[in-house]
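Residue strings, one per chain:
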Amino acid sequence: MTAVLEIQDLSVSYRTPAGEPCPALAGVSLDLKPGEVLGVLGESGSGKSTLAAAIVRLLPPNGHITGGTVLLDGKSLSQSTSEELRQIRGGRLALIFQEPSLALHPTMRAGEQVRQVLAAHGFLPTSALKEKTRQIFAQIFPQDAERISRSYPHQLSGGQRQRVLIAQAIACNPAVIIADEPTASLDPTTQLEILDVFRDIRERLGLAMIFITHNPALLSGLADRVLILYGGRAVELGPTAEVLASPRHPYTKALIQSIPASFDERIANRKTRMVAIAGDSWRSTSSQRGCCFEPRCVEAMDICREREPALVNLGINRTVSCFKYES
Amino acid sequence: MKAESATTDGSLQPLLKVESLVKLYMKRNLAGVQEEVRALDGVSFAIEAGTTLAVVGESGSGKSTLAFCVACLENPTSGSICFASRNIVAISERHRRKVRPQIQLIFQDPANSLNPRWSALDILNEPLALQRKLNREEMKQRAYGLLDRVGLPSEIANRPPAELSGGQRQRLAIARALALEPKLLILDEALSAIDCSIQAQIVNLLMDLQTSLRMTYLFITHDLSMAAHLADEIAVMRRGRIVEHGPTEKVLQQPESETTQQLLKAMPRMIRPALPEMQR
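Given the structure is predicted, the values throughout are model-derived calculations rather than measurements. (Residues numbered from 1 in each chain as written. Chains lettered and ligands numbered in written order. Predicted model: local features only at pLDDT ≥ 70, side-chain atom pairs only at ≥ 80, totals over all residues.)

## A closer look at the overall build of chain B
Logical step 1: When helices and strands are counted, chain B shows 10 helices and 10 strands.
Logical step 2: Since a compact globule built from 280 residues should have a radius of gyration of about 19 Å, the 20 Å found for chain B is in line with a globular shape.
Logical step 3: Looking at chain B residue by residue over its 280 residues, the buried ones come to 42%. (Helix = DSSP H or I, 4+ residues; strand = E, 2+ residues; numbered from the N terminus. Rg over C-alpha atoms; globule rule 2.2 N^0.38 Å. Buried ≥ 20, exposed ≤ 12 C-beta atoms within 10 Å, placed from the backbone.)

Right, here's the structure in full:
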């Protein structure tokens, strides 16, 4: 099957106030098949939000795409005019952000905010917008759709606001949804509810999704494949169950190990020292040489300090960027 | 460390004892009519010195209001808070000033609780300077001692928070809280904003401090998994009340209240055993 979204060698750099370049993404490639969910896992500073912003070309003014291409339906987004991009965003390619209270208009009713998305893309005659909005709300809110559509954002709970954003995202039947930490600001019970909504729309609408998170546990049962970002590089990519059950990159290994195997194990090991990854999170420097994880890596070798590892194929759909697997 | 928790007759007094605490907030609804919000509705508990009590609950359950009341940042409407056998609600502000340094707060996001224009050294010196007990040279020595205590290299002393990583910033916030040698640390979601790979380091640091300084923690969180690791006892809150309170193992393995069961139900899929589920 051909990919609906294809990213080749994408590199992004920010410019600091002092004018120095600060690389945030370095040669990330991925492809997304129709209906597929790709989880992007990384800690803060790994470049995951930069990846989302670069795909839809919404980088802040000091951010620049320094290389690579993004193809949507085989067409390069870097050659699209700003008017074409406006139609693509929210149309074929929808976005869901982390903080639903900031992404919604505070003085506009929820229903109107979804109706305007439909109106802006002009798929439907004006007379049909109201009915379509009602249908979308009925899908996302099995109960209370009518009341919520008439509510203002401040009258809604965090979970309900996040659902309104999802309603906006699916309004124009997109091919791809990019969700950047959509559950990070919610408490655990609501988080599960929202994950169920994502599973549900994914099954019902068959759309492809890039689900960005820092929490590996959220991806099970949702993502088909997972991409691990560290230091702006795709250090590991593969089917979710395989990567989480038998991680290959030292960073992925350490990350998975720091999650307890079960709740009972956590209680049993209460007050004992936790397995921690030594050192600090990666920070971008332009003068970097060698592997970005080397300073924290327990398996580091001499070569890791000299140059960057290339991507190694470990089988179908499985790549890792580490010298241990180069031969 | 002095055994201040022991009374003259030798029986142990808890370091912190909260009884029937009530906090009402007045808010105006959209029509301008005043409404009463019962943020805390008769909360009672005690913490022994050197132990950790985790207070868990969903957002809006009153956890943070409780933290603010114990830290003397909010005045409770009624009830008592006894710290080291003294009711800090009833005493005068002048006396409360002597108690405040012994209770310190650590917030969720160190990026928002550290002055961005100050260096790490300035940040650590502020509480010491306010106490006016040490001269400049002593303060500097104490600050470097604090950096060392929380595992920060002395090179960072002159850097502003923006030049520190998230984990380093939280270590700095902990160092600042330790500056006045508190007996009780209130951790208000202090681990929630930190990356998984750094969280374990901070947890280890907190446990080391508990062992070496016999620190007492009031750990406010919605993360049951972290509560399970750090806490000796867990109190579960819902709508301003404690609905369940007991030893960690008991609360988590034989939960009695519906709230605890619901919180636990939201957990298992978030940890590893659920992962192979994908292999269908």
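## Considerations on the overall build of chain A
Logical step 1: Each helix and strand counted, chain A has 12 helices and 12 strands in total.
Logical step 2: In terms of overall dimensions, chain A is globule-like: its C-alpha atoms have a radius of gyration of 21 Å, near the 20 Å expected for 327 residues.
Logical step 3: The principal-axis extent of the C-alpha atoms belonging to chain A is close to 70 × 55 × 45 Å.
Logical step 4: Looking at chain A as a whole, 44% of its 327 residues are labelled buried.
Logical step 5: Relative to all contacts within chain A whose residues are 6 or more apart in sequence, the contacts with residues 24 or more apart total 64%. (Contact = placed C-beta atoms within 7 Å.)

## Digging into the nonpolar core
Logical step 1: Of all hydrophobic cores here, the largest spans 87 residues; its most connected members are Val40, Ala167, Val176, Ile177, Ile178 and Leu227 of chain A.
Logical step 2: Among residues more than four places away in sequence, those in contact with valine 40 of chain A are Lys48, Leu51, Ile210, Phe211, Ile212, Leu227 and Leu229 of chain A.
Logical step 3: If you look at the next biggest cluster of nonpolar residues, it comprises 76 residues, including Ala173, Ala190, Ile194 and Ala235 of chain B. (Core = buried A, V, L, I, M, F, W, Y, C linked by C-beta atoms within 7 Å.)

## With respect to the sheet that holds strand S5 (residues 86-87) of chain B
Logical step 1: Spatially, S2-S1-S4-S5 (chain B) is the arrangement adopted by the 4 strands of the open sheet, whose pairing is antiparallel. Each end of this open sheet is capped by a strand with a single partner; those strands are strand S2 (34-47) and S5 of chain B. (Pairing = 2+ DSSP bridges.)

## Considerations on the pairing of strand S3 (residues 52-56) of chain B
Residues and elements named next belong to chain B.
Logical step 1: Extensive coverage of S3 is indicated by the burial of 5 of its 5 residues.
Logical step 2: Neither face of S3 is left uncovered, since the one carrying Thr52, Ala54 and Val56 and the one carrying Leu53 and Val55 both have all their residues buried.
Logical step 3: Pairing geometry for S3 and strand S8 (residues 216-221), over 5 bridges, is parallel. Among the inter-strand pairings, valine 56 is bridged to a residue of S8, identified as threonine 221.
Logical step 4: With 4 bridges joining them, S3 and strand S9 (residues 233-238) adopt parallel strand pairing. By the bridge assignment for S9, valine 55 is matched with alanine 235.

## Comments concerning the sheet that holds strand S9 (residues 225-230) of chain A
Residue and element names in this part refer to chain A.
Logical step 1: Overall, mixed pairing links the 8 strands, which are arranged S6-S7-S8-S3-S9-S10-S12-S11 in an open sheet. Each edge of the sheet is formed by a strand with only one pairing partner; in this case those strands are strand S6 (93-96) and strand S11 (312-315). For this sheet, the mean inter-axis angle between neighbouring strands, taken without regard to orientation, is 20°.
Logical step 2: Pairing of strand S3 (residues 37-41) with S9 involves 4 bridges; the strand directions are parallel. Across the sheet, leucine 38 pairs through a bridge with arginine 225, a residue of S9. (Axes fitted to C-alpha atoms, helices over the stretch in contact; angles between N-to-C directions.)

## Here we look at the pairing of strand S1 (residues 5-15) of chain A
Remember that side chains alternate between the two faces of the sheet whenever the strand is regular.
Residues and elements named next belong to chain A.
Logical step 1: As paired elements, S1 and strand S4 (residues 63-72) share 8 bridges and run antiparallel to each other. Residue isoleucine 7 lies in a different strand from S4, and its bridge partner there is valine 70.
Logical step 2: In terms of strand pairing, S1 meets strand S2 (residues 21-32) through 8 bridges, oriented antiparallel. Considered in S2, the bridge of leucine 5 is made with leucine 32.
Logical step 3: Counting the residues in the hairpin turn of S1 and S2 gives 5 residues, including glycine 19, whose phi is positive at 90°.

## So, the environment of leucine 164 of chain B
Logical step 1: Assignment of secondary structure puts leucine 164 of chain B in the loop between helix H5 (136-149) and helix H6 (166-178).
Logical step 2: In contact with leucine 164 of chain B, not counting residues within four places along its chain, are Ile156, Arg159, Arg169 and Leu172 of chain B.

## Observations concerning the packing of helix H4 (residues 110-121) of chain A against helix H5 (residues 126-140) of chain A
All names here are of chain A.
Logical step 1: The N-to-C vectors of H4 and H5 enclose an angle of 120°; their axes lie 9 Å apart at closest approach. Accordingly, the angle class assigned to the pair H4 and H5 is oblique. Regarding H4 and H5, the two cross each other, and that crossing is right-handed. Residues Gly111, Val114, Arg115, Leu118 and Ala119 of H4 lie in contact with H5, whose contacting residues are Leu129, Lys130, Lys132, Thr133, Ile136 and Phe137.
Logical step 2: Looking at the contact of H4 with H5 residue by residue, the class counts come to 6 nonpolar, 2 polar and 3 charged. (Parallel < 35°, antiparallel > 145°, perpendicular 65-115°, else oblique. Left-handed = near helix turned anticlockwise from the far one by under 90°. Nonpolar A, V, L, I, M, F, W, Y, C, P; charged D, E, K, R; others polar.)

## What about H4 of chain A?
For an α-helix, the turn length of 3.6 residues means that residues three or four places apart are oriented alike.
Logical step 1: Taken together, the buried positions of H4 of chain A are occupied by Ala110, Gly111, Gln113, Val114, Arg115, Val117 and Leu118 of chain A.
Logical step 2: Just downstream of H4 of chain A lies glycine 122 of chain A, where phi reads positive at about 55°.

## Comments concerning the packing of helix H7 (residues 158-170) of chain A against helix H8 (residues 188-205) of chain A
Residue and element names in this part refer to chain A.
Logical step 1: Closest axis-to-axis distance for the H7/H8 pair is 10 Å, and the angle between their directions is 20°. Relative to H8, the element H7 lies roughly parallel. Between H7 and H8 lies a crossing whose hand is right-handed. Note on element contacts: H8 touches H7 through Thr190, Glu193, Ile194, Val197, Ile201 and Leu205, opposite Gly158, Gly159, Gln162, Arg163, Ile166 and Ile170.

## Side note on unusual backbone geometry
Note on backbone geometry: most residues besides glycine have negative phi, and most peptide bonds are trans.
Residue and element names in this part refer to chain A.
Logical step 1: Despite not being glycine, aspartate 9 has its phi angle at roughly 55°, a positive value.
Logical step 2: The residue aspartate 9 is located in strand S1 in this model.
Logical step 3: Exposure remark for aspartate 9: the 12 C-beta atoms within 10 Å place this residue in the exposed category.

## Here we look at the environment of phenylalanine 263 of chain A
Logical step 1: Relative to the elements of secondary structure, phenylalanine 263 of chain A occurs in helix H11 (residues 263-268).
Logical step 2: Taking the C-alpha atoms as reference points, phenylalanine 263 of chain A and glycine 68 of chain A, separated by 195 residues in sequence, lie 43 Å from one another.

## Quick word on helix H10 (residues 258-265) of chain B
Logical step 1: For H10 of chain B, the set of buried residues is Thr259, Thr260 and Leu263 of chain B. Angular distribution of buried residues about the axis of H10 of chain B spans 100°; they occupy a single face of the element. Turned more than 90 degrees off the buried face of H10 of chain B, the exposed positions are Glu258 and Gln261 of chain B.
Logical step 2: Looking at the buried residues of H10 of chain B, the elements they touch are H8 of chain A together with S3, helix H8 (224-230), S9, strand S10 (241-247) and helix H9 (248-253) of chain B. (Arc of directions from axis to C-beta.)

## Points about the confidence of the model for chain B
Atom-level detail of predicted coordinates should not be read off regions where pLDDT is low.
Residue and element names in this part refer to chain B.
Logical step 1: Taken as a whole, chain B shows an average pLDDT of 87; of its residues, 91% reach a score of 70 or greater.
Logical step 2: Within chain B, S10 carries the highest mean pLDDT (97), whereas helix H3 (residues 110-113) carries the lowest (84).
Logical step 3: Counting interchain partners and residues more than four positions distant, the pLDDT-below-50 stretch residues 270-280 has 32 contacts.
Logical step 4: With pTM at 0.83, the complex prediction returns an ipTM value of 0.77. (pLDDT = per-residue confidence, 0-100.)

## A word on the environment of threonine 107 of chain A
Logical step 1: The residue threonine 107 of chain A is located in the loop between helix H3 (100-103) and H4 in this model.
Logical step 2: Each C-alpha atom, one on threonine 107 of chain A and one on proline 153 of chain A, is 7.6 Å from the other, the two residues being 46 residues apart in sequence.

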